[in-house]
Amino acid sequence: MRRSAVLVGLPMAALLTYAPAAQAAAPSVQITRVYYDSPGSDRGGNKSVNGEYIVFKNTTRRAVELAGWTVRDKNGFRYTFGDVTLRPGKSVRLRSGMGNDGTSTVYWQRKWYVWNNDKDTAYLRSATGKLIDSCSYNSSRVDYVNC
Ligand SMILES: [Ca+2]
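Residues numbered from 1 in each chain as written. Predicted model: local features only at pLDDT ≥ 70, side-chain atom pairs only at ≥ 80, totals over all residues. Heavy atoms only, no water.

Under an unreviewed UniProt entry, the name given to the chain is Lamin Tail Domain, and the source organism is Sinosporangium album.

So this is what it looks like as structure tokens:
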């Protein structure tokens, strides 16, 4: 009986080790939302610029260090993450305007908007420049896109 239990256990172990490898194709940190059209008209002002944001989620079970990771749009605007640790399953929001960074929200420190209100693409790259995830949108009828 014991021997057969071991034999049955082997394929199970193989499946368990295979599963994480199959999931490796999914980005470790995912762009889950780009809120590109801040409320009201785009007349500037920090509150309005901060109405734009992009959300990144750690989809893994391990903490991910974002220091040196970059966010870009199609126009070449670039944000570089500082010393941010994204805990497993947690998200961090990057607002376009000025502000003091916290654990769940960081600020691009810009005085004007980043994300086009009609179409654009957000790119997330690791500190070594590897493309981790991207998110495109092409609609001015809605204010945000979920990716
Ligand atoms: Ca915008």
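(A) Structural context of the coordination of the calcium ion. Protein ligation of the calcium ion involves Tyr36 (O), Glu52 (OE), Trp115 (O) and Asn117 (OD1), the donor distances falling in the range 2.2 to 2.4 Å. When the donors of the calcium ion are listed by position in the chain, the intervening gaps give Y-x15-E-x62-W-x1-N. Look at Trp115 and you get buried, because its relative accessible area is 2%. (Donors = N, O, S within 2.8 Å, 3.2 Å for Na, K, Ca; no water. Buried < 20%, exposed > 50% of the residue type's maximum accessible area, 1.4 Å probe, protein only.)

(B) Looking closely at the sheet that holds strand E7 (residues 91–95). What the five strands build is an open sheet, ordered E8-E7-E2-E1-E11; its pairing is mixed. Edge positions in the sheet fall to strand E8 (105–107) and strand E11 (144–146), since each has one partner strand and no second. On average, adjacent strands in this sheet sit at an angle of 25 degrees to one another, irrespective of strand direction. When strand E2 (residues 53–58) meets E7, the two strands line up antiparallel, connected through five bridges. Its bridge partner lying in E7, Tyr53 is registered against Arg95. (Pairing = 2+ DSSP bridges. Helix = DSSP H or I, 4+ residues; strand = E, 2+ residues; numbered from the N terminus. Axes fitted to C-alpha atoms, helices over the stretch in contact; angles between N-to-C directions.)

(C) Representation of the side chain of Ser96. Take Ser96: it is sitting in the loop between E7 and E8. By relative accessible area, which is 0% here, Ser96 ends up buried. Polar side-chain contacts of Ser96 include one of 2.8 Å to the side chain of Glu52. Not counting the four nearest positions on each side in its chain, Ser96 is found in contact with Val49, Asn50, Glu52, Trp108, Gln109, Arg110, Val114 and Trp115. (Polar contact = N/O pair within 3.5 Å; in protein donor to acceptor, adjacent residues only side chain to side chain. Contact = heavy atoms within 4.5 Å.)

(D) Geometry of the confidence of the model for the chain. Across the chain, pLDDT averages 88, with 83% of residues at or above 70. The low-confidence segment residues 1–10 (pLDDT under 50) makes zero contacts with residues lying over four places distant or belonging to another chain. A low-confidence stretch, residues 13–24 (pLDDT under 50), is modelled with zero contacts involving residues beyond four sequence positions or located in other chains. (pLDDT = per-residue confidence, 0-100.)

(E) Fine view of the state of the cysteines. Here the structure, examined in full by the defined rule, presents one disulfide. Across a sulfur-sulfur distance of 1.7 Å, Cys135 and Cys147 are joined as a disulfide pair. Of this pair, Cys135 sits in strand E10 (residues 131–138) while Cys147 sits in the segment after E11, placing them 12 residues apart in sequence. (Disulfide = S-S within 2.5 Å.)

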